[in-house]
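For reference, the chains in residue letters:
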Amino acid sequence: MLTYVALTHGMHHLSPTAITRNGTIRGVYLPSFQQDLFLGIPYARAPRLDNPKPINTTYDQDAPFDASRYGNTCYGFGSNELLGLTQSEDCLNLNIIRSAPAKVESNTTLLPVLFWIYGGGLHQGSSADPMWNLSYIVQRSVQEEQPLLAVSVNYRLSFLGFPGGREAQKAGVTNLGLKDQRLALAWIQENIVAFGGDPSRVTIWGESAGGVSVAQQLVAYGGRGGVELFSGAIAVSGFATGAALPKTDEMQAGFDKLVGMANCTMAEDKLECLRGTSLYNLYPIEGSIGVEWGPVVDGDFLQRPPAWEIRDGNCVRVPLLLGSNSDEGLIKVTASGYFPNRTNETTVLLETSFPLLQHSVIKQLLDLYPEDGKREAPPYSLSPDFAWCQAMNAVSLPCGSQYRRSAAMLGDYVSHAPRRYMAQLWSRLGLPTYSFHFKAATTGIPIQYFYGLGPGFANHGAELAYEMGLPGGISTPIQFYPPVKNVSGHIALSKEMNRRWIAFVSRKDPNELRGMYRYKFGERDCLD
């Protein structure tokens, strides 16, 4: 894995440099990959609860910015804390990975750019997470003779990145994390040539909350301006459709709770009071008040629900690659903490998950998804009558006799239906659209539990190590996601996914390789 220790080993080499709008950046050479790394480059300032601002610092040749190690991580929860990352409000930085030496002689030699946006529910995540090691896909691109340059970015999370409520909307400071990503893309346009990248060939790529971010960048500001920032998009297990986004006023109760806990109730300008209060009056308290801080339809960055915008053609018209995993519903049941045994209990789970559905519609769903043992259900690699709860209980995991039935419904709702619907909408616009379905069982029986994701198989996040191209059997210290299974078939699958991603980034067509095809509305859904 790419670690801080490994990065310093190349320091005896001549350090690579690049001259940006803000001055000279000095990176580090990584001999094991023959790559130049530029890490922790500031791309914007992040005033608390305010829109990101361009950086105003300059670096001269005699005192260049030291980009030899990762920068600060934005405040978050989960993996950020478990990895022991250095968190700060000064966290808007990005990393650039390129094969060394990058030859910048003319526009014909500039490399296409792959821009990674991490997931994590918009409340955790960092470009310094070793899971997001982009050295492998850059290395593979050189081997495929389609070299690319890779970028990963930090953006603000949770309440500090996605404040909601009337005060935030009036001040124009909603959806800050998405605006951070947008400013990073603008920085790429201004500076990536200095690193050997082609600003006209930038592909944005994200998974889970990162995939949602990609979809929302496609419709930001009613679809205006994005075509100047990127020319392709990859969204995995996160789409523009699915659960409706809340409006800003629906998050007012959470904002008011924070105001009270920060002793800002009597302040004339409550938002300004929160800006001036101690950080510890906001973090980590914001994670314990029962509010899911995230994107909102604010009439500005997100002017309407994303699916409506795409339906009406108010989007950045670029080629799109999207996909999901067959067993995504497992994470939804795990996350609910509710494991139904009877139909009436499953009804409660559906009413909680789909609060706007009429009871008659829920009844139809129950008819379409019969009880466990009577229909295929996640994990789809197991037979319908497999003793699932016995296997779960064997490793001390909770279960209910309608676990798999519930996972089938929730997986279709949160992942498969949104993927197919977004592909249909995109294809109807006459845009190149490619869809995949990852169903490789990355784990099996006995069940292995992964923090935050539940049992393995082809669950949410199971494809990450594969599309990142990580070596077989290699996982991160906290084991958030399953590694590439260390057998020849799975290693070959990972290589094939890398090749297709690289072909899409380079030529916007994974059909440069045999086997994947362009999605057309009304035809077969996707490549398995």
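Up top is the structure these notes are about.
Student: How would you summarise the pairing of strand β4 (residues 35-42) if you had to cite specific residues and measurements?
Tutor: Most of β4 sits inside the fold, with seven of its eight residues counted as buried. When strand β3 (residues 28-30) meets β4, the two strands line up antiparallel, connected through three bridges. Across the sheet, residue L30 finds its bridge partner in β4, namely Q35. In textbook terms, the turn of a hairpin is the stretch between consecutive antiparallel strands, and for β3 and β4 this stretch comprises four residues, one of which, Q34, has a positive phi near 55°. Of the pairings in the sheet, the one linking β4 to strand β6 (residues 93-99) comprises six bridges and is antiparallel in character. Considered in β6, the bridge of P42 is made with N93.

Student: Can you break down the environment of L245 residue by residue, with the values?
Tutor: Take L245: it is sitting in the loop between β10 (232-236) and α8 (252-261). For the pair L245 and G313, spaced 68 residues apart in the sequence, the C-alpha separation amounts to 19 Å. Beyond its immediate chain neighbours, meaning those up to four positions away, L245 contacts Q216, P295, V297, L302 and P306.

Student: Tell me what's going on with the sheet that holds β6, and back it up with residues and numbers.
Tutor: Ordered by their spatial adjacency, nine strands build an open sheet running β3-β4-β6-β8-β7-β9-β10-β11-β12, and the pairing between neighbours is mixed. Of all strands in the sheet, those bounded by a partner on one side alone are β3 and β12 (433-438). The average undirected angle you get between the axes of adjacent strands in this sheet is 20°. Summarising the sheet, β10 and strand β11 (residues 320-325) pair through four bridges and their orientation is parallel. Each bridged residue has a counterpart across the sheet, and for A235 the counterpart in β11 is L322. Set on the sheet, helix α15 (residues 403-428) makes contact with β11 and β12; between it and β11 the angle comes to about 165°.

Student: Tell me about unusual backbone geometry, and name the residues and values.
Tutor: Residue P379 follows P378 across a cis peptide bond; omega there is -10°. Turning to its location among the elements, P379 is positioned in the loop between α13 (359-368) and α14 (388-394). I445 connects to P446 through a cis peptide bond whose omega is 5°. For P446, the position within the fold is in the loop between β12 and β13 (449-450). Here E145, not a glycine, exhibits a phi torsion of approximately 60°, which is positive. Given a relative accessible area of 69%, E145 falls into the exposed group. Unlike most non-glycine residues, N175 shows phi in positive territory, near 55°. Relative to the elements of secondary structure, N175 occurs in the loop between α5 (166-171) and α6 (176-191).

So, how was this worked out
Residues numbered from 1 in each chain as written. Predicted model: local features only at pLDDT ≥ 70, side-chain atom pairs only at ≥ 80, totals over all residues. Heavy atoms only, no water. Buried < 20%, exposed > 50% of the residue type's maximum accessible area, 1.4 Å probe, protein only. Helix = DSSP H or I, 4+ residues; strand = E, 2+ residues; numbered from the N terminus. Pairing = 2+ DSSP bridges. Contact = heavy atoms within 4.5 Å. Axes fitted to C-alpha atoms, helices over the stretch in contact; angles between N-to-C directions.

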